[in-house]
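# Results of the structural survey
Chain by chain, the residues run as shown.
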Amino acid sequence: MPTSYIGRVAAALSLALAFATGASAQEAWPTKPIRLIVPFAAGGPSDVVARNVAAALTKDLGQQVIVDNKPGAGASLGVAIAARAPADGYTLLLGHSASISATAQMRKVSYDPRTDLVPIATFAANFTLLVARKDFPANNVAELKAIALKMPNTVSCGTAGPGSGGHMACELFAELLGVKLLMVHYKGSSEAQVDLLGGRIDLGFDPSALPRVKEGALKVLATRSEGGKRFAGLPDIPSFAEQGLPDMTDELWFGLLAPAGTPAAIVQRVAAVAKSFVGAPDTAAKLMTYSLYPIYIGPDELKARMEKDWVFFGNLIGRHNLRLD
């Protein structure tokens, strides 16, 4: 038998074995703990929802899903770590629309979220709360506008850092209102909330502040819920639309992503867990505490949403020259 023929047969058998081994490995996944990278500090809304999702994944997959907080550089540090990780299903990323699409256009980063990450699914989105220190002289958008027009760059808006969802919301709000606000950036939303409670800053877009609002430690000037309606948790507070700002939204989706190249079977399995989490009877109550509501968007739809977000945030960043590098 010709040597070349034997070589071809051996190569074919080797390829078939490799394919079978790879398929078997995917079927067996997961066989060890999974790391869920959260590019934000512990204690904020992203961290809290990540731990709820990690618990759901752990229960369904039969392997521990470990939350690994990697804050810094407007979330780009943690996102870069996830983007460079092996595409074997053992690294997942908790992201939201601003951390994926805005930060990457504001900073020089080592990744392109559109090509280096694969979207899996969303499990939550946020209500909008414009909160103010309790002794802030304005009680609604019109009164805030009057103050900001008289004192440009004096009314301060705290954010979780450049490129964060809160930052994008502050910039959009100021643009729609036609005023200049002083942006004050922190390393996370929990730090911004501390200074808001202490009266050291004036405003913030922070859905996790709802418990402090109900305690009377902070007040709300405007809200937005699904479809631009009033937030059901604070039914007496007028929405942005009712106060003349129908285009005001900082709705952020919270979802799971993975390094590009992660096997489709693994992506679909994790997406199925996210869908089950969204549909669980107690999920809405858990998320409401942080002014979030459950929403499932699958891999293909999430990819389209990311492309839309890329354009929206890119235009906002360009109009205000918000690039840091």
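This text gives an overview of the structure that appears in the document. (Residues numbered from 1 in each chain as written. Predicted model: local features only at pLDDT ≥ 70, side-chain atom pairs only at ≥ 80, totals over all residues. Heavy atoms only, no water.)

## Here's the deal with helix H3 (residues 76–84)
Rules: When accessible area is computed with a 1.4 Å probe and restricted to protein chains, residues below 20% of their type maximum are described as buried, those above 50% as exposed, and intermediate ones as partly exposed. Secondary structure elements follow DSSP: runs of H or I no shorter than four residues count as helices, runs of E no shorter than two count as strands, and numbering proceeds from the N terminus. Contacts were defined at the residue level, with two residues in contact if any of their heavy atoms lie within 4.5 Å.
Residues of H3 that are buried include every one of Ser76, Gly78, Val79, Ala80, Ala82 and Ala83, and no others. Buried-residue contacts for H3 involve strand E1 (34–38), strand E3 (91–96), helix H4 (97–106), helix H5 (113–116), strand E4 (117–126) and strand E10 (253–259).

## Regarding the state of the cysteines
For the record, the criterion: The definition used for a disulfide is geometric: two cysteine sulfur atoms within 2.5 Å.
In total, this model carries one disulfide according to the counting rule given. With a sulfur-sulfur separation of 1.9 Å, cysteine 157 is cross-linked through a disulfide to cysteine 170. Judged by the sign of its S-S torsion, about -50°, the cystine formed by cysteine 157 and cysteine 170 is left-handed. Of this pair, cysteine 157 sits in strand E6 (residues 156–159) while cysteine 170 sits in helix H7 (residues 165–177); the two residues are 13 residues apart in sequence, bridging distant segments of the chain. Judged by its relative accessible area of 0%, cysteine 157 falls in the buried class.

## Description of unusual backbone geometry
The step from tryptophan 29 to proline 30 runs through a cis peptide bond, and the omega angle for that step is 0°. Positionally, proline 30 belongs in the loop between helix H1 (3–28) and E1. Positive phi is not limited to glycine here, since alanine 73 has a value of about 55°. For alanine 73, the location among the structural elements is in the loop between strand E2 (65–69) and H3.

## Side note on the packing of aromatic side chains
Quick reminder of the rule: Each aromatic pair joins two rings of Phe, Tyr and Trp (for Trp, the six-membered one) with centres within 6.5 Å, and gets the label stacked for planes under 30 degrees apart, edge-to-face for over 60, and tilted for any other angle. Cation placement over rings: the criterion is NZ of Lys or CZ of Arg within 6 Å of the ring centroid and within 35° of the ring normal.
If you walk through the whole model with that rule in mind, you get eight aromatic pairs. Residues phenylalanine 312 and phenylalanine 313 carry aromatic rings whose centres are separated by 5.3 Å and whose planes lie at 75° to one another, so their mutual orientation is edge-to-face. Phenylalanine 313 gets classed as buried once you look at its relative accessible area, which sits at 6%. The ring of tyrosine 90 carries lysine 32 above its face, with NZ or CZ at 4.7 Å from the centroid.

## Remarks on the pairing of E2
Put simply, the rule is: When DSSP finds two or more bridges between a pair of strands, those strands are recorded as paired. Whether a crossover is right-handed depends on one test, that the path from the first strand over the helix to the second runs clockwise when the strands point away from the viewer.
As judged from the five bridges shared by E1 and E2, these two strands associate in the parallel manner. Paired with isoleucine 37 across the two strands is aspartate 68, which belongs to E2. The handedness of the E1 to E2 crossover, carried by helix H2 (residues 45–61), is right-handed.

## A closer look at the pattern of salt bridges
What counts, and what does not: The term salt bridge refers to a side-chain nitrogen of Lys or Arg lying within 4 Å of a carboxyl oxygen of Asp or Glu.
A full pass over the atoms with the stated rule returns eleven salt bridges. Residue glutamate 215 pairs with arginine 212 through a salt bridge whose shortest N-O separation is 2.8 Å. With a gap of three residues between them, glutamate 215 and arginine 212 both fall in helix H9 (residues 210–215), about one helical turn apart. A relative accessible area of 25% means that arginine 212 is categorised as partly exposed. Where arginine 305 meets aspartate 309, a salt bridge forms, and the shortest distance between an N and an O atom there is 3.2 Å.

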